[in-house]
Amino acid sequence: MIEFGSIINGKQVKTGEWIDIYNPYTKKQVGRVASIDTKTLDKVLTDTKNTKINLTRYERYDILNKIANALEERVDEVSKMITDETGLCLKDTRYEASRVSDVLRFSAMKALDDDSQVFPCDVSKNGKPRRIYTTRVPLGLISCITPFNHPMNQVVHKIAPAIATNNTVVLKPSEKTPLSAYYFAQLALDCGLPPNMLNVINGADVQATAEMMTIHPEITMVSFTGGSKVGKIIASKAGYKKLVLELGGSSALLVLEDADIDEAVEVTMSGTFKNSAQRCTAIRRILVHESIADDYAAKLTARVEALKYGDPYDAENDMGTVITEESAKEMQLRVQDAIDNGAVLLAGHKRDGALYAPTVLDHVQNAHEVVAKETFGPVAPIIRFKTLDEAIDIANDTPYGLSGGVVSNHWPSIQRVITELDTGTVNVNEAPSYRLEWTPFGGVKDSGLGYKEGVIETMKGYTYVKTYSLPWD
Ligand code: NAD
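Residues numbered from 1 in each chain as written. Predicted model: local features only at pLDDT ≥ 70, side-chain atom pairs only at ≥ 80, totals over all residues. Heavy atoms only, no water.

### Description of the sheet that holds strand E24 (residues 463–471)
So, point 1. Strand order in the open sheet made by the three strands is E6-E7-E24, with antiparallel pairing throughout. Where the open sheet ends on each side, the last strands, each with one partner, are strand E6 (118–120) and E24. The sheet shows a mean angle of 25° between the axes of neighbouring strands, direction not considered.
So, point 2. Summarising the sheet, E6 and strand E7 (residues 130–138) pair through three bridges and their orientation is antiparallel. The partner of Phe 119 across the bridge, within E7, is Ile 132. (Pairing = 2+ DSSP bridges. Helix = DSSP H or I, 4+ residues; strand = E, 2+ residues; numbered from the N terminus. Axes fitted to C-alpha atoms, helices over the stretch in contact; angles between N-to-C directions.)

Here it is, written out as structure tokens:
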């Protein structure tokens with residue numbers, strides 16, 4: 001069993017009160033993390049705020065690369081631990097570990113950049129013989145709150161850019177999957193991260209802990225990734241603080257009339273079922289032109305039926321469990337509701353505890369609950385359309401605006417989809433989830449406020465621009 005104390009000021013602090021973590025497949029306890037109360041959290045936040053970090057660019061680069069090296073030496077241990085706490089299969093968790101390395105290495109590279117600008121002032125009749133320079137200043141204490149899916153990658157997307165910019169962080173990982181965050185923080189300390197640059201806490205009273213992580217006066221910025229419901233609660237409470245919200249999604253993949261059906265099926269497979277479809281950018285709606293929908297549905301069904309799912313520790317499996325049995329039961333109910341209201345089941349829809357079979361539904365309507373709400377699991381719902389206008393209307397008929405995709409080789413149609421989807425990302429002949437860890441990433445509408453994450457944008461977001469000017473002939 002893996003056990004971590006709260007990471008406070010470079011040490012693990014154990015209070016005797018624990019949050020227990022269970023594997024969703026075996027239902028056995030796999031670990032526990034210490035719980036702290038809000039009085040202790042109040043002090044942690046104040047002490048972290050009062051800690052000033054002055055690492056050189058090279059020192060930040062060096063620490064980030066050392067953590068990446070250490071992590072790469074421990075991929076087996078790390079992926080097994082993520083599987084322990086999530087029930088995700090080893091194929092998925094090994095991939096997550098490699099993404100974490102990318103985040104660290106990109107942050108290390110960007111830490112070396114000189115991000116200042118110079119403006120000559122003798123360029124206007126109102127000018128003077130001066131120059132104005134910019135420099136980026138760390139914000140100070142950043143409160144980070146992360147979700148259960150991708151428990152290490154979500155965390156490192158918040159932490160690595162903070163290290164790269166000399167900020168301090170208090171992190172509250174999901175109480176469902178906290179082990180990865182503590183493991184990462186301890187590894188970072190072992191690699192030379194200064195104490196109090198990153199503290200990691202959880203409280204058994206989740207609501208009180210989360211509220212303090214949102215409203216505490218010493219916090220300069222709240223960086224949250226999670227569901228839209230909680231994101232909006234945070235927005236209503238955070239007050240005069242910088243806020244980045246990365247929220248839920250309902251990505252549509254548009255398969256147009258001219259699409260290569262095999263390519264469309266390939267894109268669907270890579271964009272839907274990875275990570276047990278517990279990705280904010282997973283394809284939640286497949287919009288297929290009616291003229292090719294029968295062929296597409298048959299080929300997709302054959303591929304889905306060939307997926308191996310089950311024991312997440314079996315390295316041959318393509319899919320493990322979802323996060324909890326309750327979550328699996330909820331998606332089962334929503335799929336049943338769609339079937340009861342006219343959708344046609346083509347594959348899956350079997351549940352065993354937290355295991356839910358990869359499921360394909362055809363003839364889904366955009367109003368069916370299974371797509372109208374974010375169904376965070378392995379369901380591939382096909383919605384048939386007649387015209388591109390109709391497809392774009394359906395794709396946008398959702399509160400979410402995270403990402404989307406289109407499979408086609410007809411440029412005028414592709415260009416319309418890129419222009420007209422109300423989303424932060426559109427990928428052509430590629431899954432909506434495709435990104436690199438340092439490219440801008442984030443959504444609009446109920447998926448976020450339009451601020452981007454990804455290493456480069458997060459580093460900008462964690463700093464403010466100070467200008468200074470000097471006399472200069
Ligand atoms: P969640 O919103 O239930 O929880 C996320 C975090 O918020 C957890 O740490 C939780 O303890 C905390 N929290 C709970 N109540 C809170 C409150 N009142 N105030 C502040 N924090 C509170 O999300 P989840 O179920 O862990 O994760 C799945 C969701 O995250 C999905 O909706 C998914 O789309 C979204 N997500 C979004 C992105 C993105 O980048 N846009 C990435 C991953 C996941």
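### Section: the state of the cysteines
So, point 1. Tallied over the entire structure, the rule returns zero disulfides.
So, point 2. No disulfide involves Cys 89; its nearest neighbouring cysteine sulfur is the one of Cys 280, lying 18 Å away.
So, point 3. Considering cysteine sulfurs only, Cys 280 is the nearest to Cys 144, which forms no disulfide, with 16 Å between them.
So, point 4. For Cys 144, a relative accessible area of 0% corresponds to the buried category. (Disulfide = S-S within 2.5 Å. Buried < 20%, exposed > 50% of the residue type's maximum accessible area, 1.4 Å probe, protein only.)

### Here's the deal with the site of the ligand
So, point 1. Of all residues adjacent to the ligand, which total 30 residues, the nearest are Thr 146, Glu 175, Gly 227, Leu 247 and Glu 374.
So, point 2. In the environment of the ligand, a nitrogen atom lies 3.0 Å from a nitrogen or oxygen atom belonging to the side chain of Gln 207.
So, point 3. Considered on its own, the ligand offers 850 Å² of accessible surface; in the complex 90% of this is hidden by protein.
So, point 4. For the shell around the ligand, the secondary-structure elements that each account for two or more residues are helix H7 (206–215), strand E11 (221–225) and helix H8 (228–237). (Near = heavy atom within 4 Å. Polar contact = N/O pair within 3.5 Å; in protein donor to acceptor, adjacent residues only side chain to side chain. Areas by Shrake-Rupley, 256 points an atom, 1.4 Å probe, with all protein chains shown as cover.)

### Overview of the pairing of strand E9 (residues 168–172)
So, point 1. Taking burial as the measure, the five residues of E9 include five buried ones, the bulk of the element.
So, point 2. Side chains of E9 alternate between two faces, with Thr 168, Val 170 and Lys 172 and Val 169 and Leu 171 buried alike.
So, point 3. With five bridges joining them, strand E8 (residues 141–145) and E9 adopt parallel strand pairing. Within E9, the position partnered with Ile 145 by the bridge is Lys 172.

### Some words on helix H11 (residues 325–340)
So, point 1. Between the first and last C-alpha of H11 there are 22 Å, a value that for 16 residues agrees with the 22 Å anticipated at 1.5 Å per step.
So, point 2. Along H11, the residues that are buried comprise Ser 327, Ala 328, Met 331, Arg 334, Val 335 and Ala 338. Considered in projection along H11, the buried side chains sweep an arc of 125° and stay on one side of the axis. Residues of H11 that are exposed and point more than 90 degrees away from the buried face comprise Glu 326, Leu 333 and Asp 340.
So, point 3. Packing partners of the buried residues in H11 comprise strand E16 (351–352), strand E17 (355–356), strand E18 (359–362), helix H12 (369–372) and strand E19 (379–385).
So, point 4. Within two residues after H11, Gly 342 carries a phi angle of roughly 110°, on the positive side. (Expected span 1.5 Å × (residues − 1). Arc of directions from axis to C-beta. Contact = heavy atoms within 4.5 Å.)

### Some points on the packing of aromatic side chains
So, point 1. In total, this model carries five aromatic pairs according to the counting rule given.
So, point 2. Ring geometry for Tyr 133 versus Tyr 468: centroids 5.2 Å apart, planes at 10°, classification stacked. Of the two residues, Tyr 133 is situated in strand E7 and Tyr 468 in strand E24; the sequence distance between them amounts to 335 residues.
So, point 3. Residue Tyr 133 is classed as buried on the basis of its relative accessible area, which comes to 15%.
So, point 4. With a relative accessible area of 40%, Tyr 468 lands in the partly exposed category.
So, point 5. On the basis of an interplanar angle of 90° and a centroid distance of 5.8 Å, the ring pair of Phe 148 and Phe 376 is categorised as edge-to-face. (Phe/Tyr/Trp six-rings, centres within 6.5 Å; stacked < 30°, edge-to-face > 60°.)

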